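Breakdown of the fold
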Amino acid sequence: MDHIAAAEERIVSERVQQKLHQVNLAAKEHLSPIQDHVNFTLQQAYFKCAYECFDRRRNHDDISNCVENCSVPVVRSQQMVENEMAKFQERMNRSLMSTQDCIKMLPHLAGKLKGSFFIGD
């Protein structure tokens, strides 16, 4: 690979890194309120609900079932966030792989065009 192709590849790679950084910042910006809601609002509701489960008139199994039922909204919400993030990450990985394939094709494309225009190295 000649020095021009290497420089072009480096420039493209740097741009890809910049875009990944922008995506990361955007994801944090958009997902932060959701994570806060799950971590604080739903967790707070869970603890309030679970606190109400502890009643001396209930037996141990009833208390356990009550606390478990209180956790359902939090657990479901966390699972939903994790599932959606996994899907998003998979799409990002596919996009990155496609971009990397394009970067690898640049030297071949440049060589082909140079040959078409009779440009020597």
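Our subject is the structure listed above.
Definitions and limits used
- Residues numbered from 1 in each chain as written.
- Predicted model: local features only at pLDDT ≥ 70, side-chain atom pairs only at ≥ 80, totals over all residues.
- Heavy atoms only, no water.
- Axes fitted to C-alpha atoms, helices over the stretch in contact; angles between N-to-C directions.
- Helix = DSSP H or I, 4+ residues; strand = E, 2+ residues; numbered from the N terminus.
- Parallel < 35°, antiparallel > 145°, perpendicular 65-115°, else oblique.
- Nonpolar A, V, L, I, M, F, W, Y, C, P; charged D, E, K, R; others polar.
- Core = buried A, V, L, I, M, F, W, Y, C linked by side-chain atoms within 4.5 Å.
- Buried < 20%, exposed > 50% of the residue type's maximum accessible area, 1.4 Å probe, protein only.
- Expected span 1.5 Å × (residues − 1).
- Bend = angle between axes of the 7 residues up to and from the residue.
- Contact = heavy atoms within 4.5 Å.
- Polar contact = N/O pair within 3.5 Å; in protein donor to acceptor, adjacent residues only side chain to side chain.

Take the packing of helix α1 (residues 3-53) against helix α2 (residues 60-116) next. At a minimum axis separation of 10 Å, α1 and α2 run at an interaxial angle of 175°. Here α1 lies roughly antiparallel to α2, going by the angle between them. Looking at side-chain class alone, the contact of α1 with α2 contains 28 nonpolar, seven polar and two charged residues.

Once that is clear, we can look at the nonpolar core. Counting residues in each nonpolar core, the largest one holds 10 residues, listed as Val-38, Leu-42, Tyr-46, Ala-50, Cys-53, Ile-63, Cys-66, Val-67, Cys-70 and Val-74. Elements with a minimum of two residues in this core: α1 and α2.

With that settled, consider α2. Residue pairs three or four apart in sequence face the same way in an α-helix, which turns once every 3.6 residues. For α2, with 57 residues, the first-to-last C-alpha span of 81 Å sits near the 84 Å given by 1.5 Å per residue. Val-72 marks where α2 bends most, by close to 35°; the proline Pro-73 follows one to four residues later. Within the sequence span of α2, burial applies to Ile-63, Cys-66, Val-67, Cys-70, Ser-71, Val-74, Ser-77, Ile-103 and Lys-114. Tucked inside the fold, the buried residues of α2 contact α1. Capping the start of α2, Asn-59 holds a side-chain oxygen 3.1 Å from the backbone nitrogen of Asp-61, two or three residues further along.

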